[in-house]
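# Overview (structure and organization)
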Amino acid sequence: MLFLVILFEWGPPLEYASLIEAPWENFKKMVWPIATVGYRFAAVATRMTRSTVLEVMREDYIRTAWSKGLHERIVVAKHTLRNSMLPVITIIGTELEVLLGGLVVTETVFTLNGVGSFLVDAISHRDIPVVQSLVFLSTFVFVVVNLIVDLVYVAFDPRITYR
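Keep in mind it's a predicted model, so treat the numbers as computed, not measured.

### Considerations on the nonpolar core
With seven residues, the main nonpolar core is built from Met-85, Val-88, Ile-89, Val-141, Val-145, Val-149 and Tyr-153. Contributing elements (two or more residues each) for this core: helix 4 (72-101) and helix 7 (128-156). The residues contacting Val-149, other than those within four sequence positions of it, are Ile-89, Thr-90 and Gly-93.

Right, dumping it as structure tokens:
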């Protein structure tokens, strides 16, 4: 943020702007937090995808597909990406849990109202019922996202079945 303020003489608006009442002000307030969080999550997913694809490319069945003369697009899309997506799906699910659980630092830096800042305020005011409710909500989201990730595994790996 300091770089943006010094170089471009830009600072995010510090007051809340409703999406319905002032969409442009809301966009100006949300563009940098979204970009910051998006770059971080994209970097993690991209790095995991790259490493798992490189690992799968060394497998025997990929060499067999190449030796059969299959087109590069088929080998990469059908064989390589499909078999390398399980760790990527796991990482995306974990990152989604962090995102839904609240980004306390991002909300604090960009002065956003969110679950993370609400939890910090509740802790500082010793509002135990609110803290318990938010911890329960975060736990519930964690369990539901893990369930969704486990169900998505079936679509990418036919060896996995749930009976």
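### Points about the environment of Val-53
The residue Val-53 is located in helix 2 (residues 23-56) in this model. Once the C-alpha coordinates of Val-53 and Glu-72 are considered, the two residues, 19 residues apart in sequence, prove to be 14 Å apart. In this view, Val-53 contacts Thr-80, Leu-81 and Ser-84; residues no more than four positions away in its chain are not counted.

### Remarks on the layout of surface pockets
Taken as a whole, the largest pocket encloses approximately 370 Å³ of empty space. The wall of the largest pocket is formed by 18 residues, among which Met-30, Pro-33, Glu-107, Leu-112 and Asn-113 lie closest to the centre. Broken down by secondary-structure element, the contributors of at least two residues to the lining of the largest pocket are helix 2 and helix 5 (104-109). Examining the composition of the lining of the largest pocket, we find that seven residues originate from one element, helix 2, more than from any other.

### A short note on the confidence of the model for the protein
For the protein, the average pLDDT comes to 84, and 92% of its residues sit at 70 or higher. The least confident element of the protein is helix 1 (residues 2-8), whose mean pLDDT is 69; the most confident is helix 7, at 90.

### Comments concerning the environment of Val-115
Its location among the elements puts Val-115 in helix 6 (residues 115-124). Sequence separation of Val-115 and Leu-134 is 19 residues, and the distance between their C-alpha atoms is 7.8 Å.

Analysis parameters
- Residues numbered from 1 in each chain as written.
- Predicted model: local features only at pLDDT ≥ 70, side-chain atom pairs only at ≥ 80, totals over all residues.
- Heavy atoms only, no water.
- Core = buried A, V, L, I, M, F, W, Y, C linked by side-chain atoms within 4.5 Å.
- Buried < 20%, exposed > 50% of the residue type's maximum accessible area, 1.4 Å probe, protein only.
- Helix = DSSP H or I, 4+ residues; strand = E, 2+ residues; numbered from the N terminus.
- Contact = heavy atoms within 4.5 Å.
- 1 Å grid on protein atoms, 1.4 Å probe; cavity = no way out; pocket = protein on both sides within 12 Å on 5 of 7 lines; lining within 4 Å.
- Points joined across faces, edges and corners; volume = space filled by probe spheres on them.
- pLDDT = per-residue confidence, 0-100.

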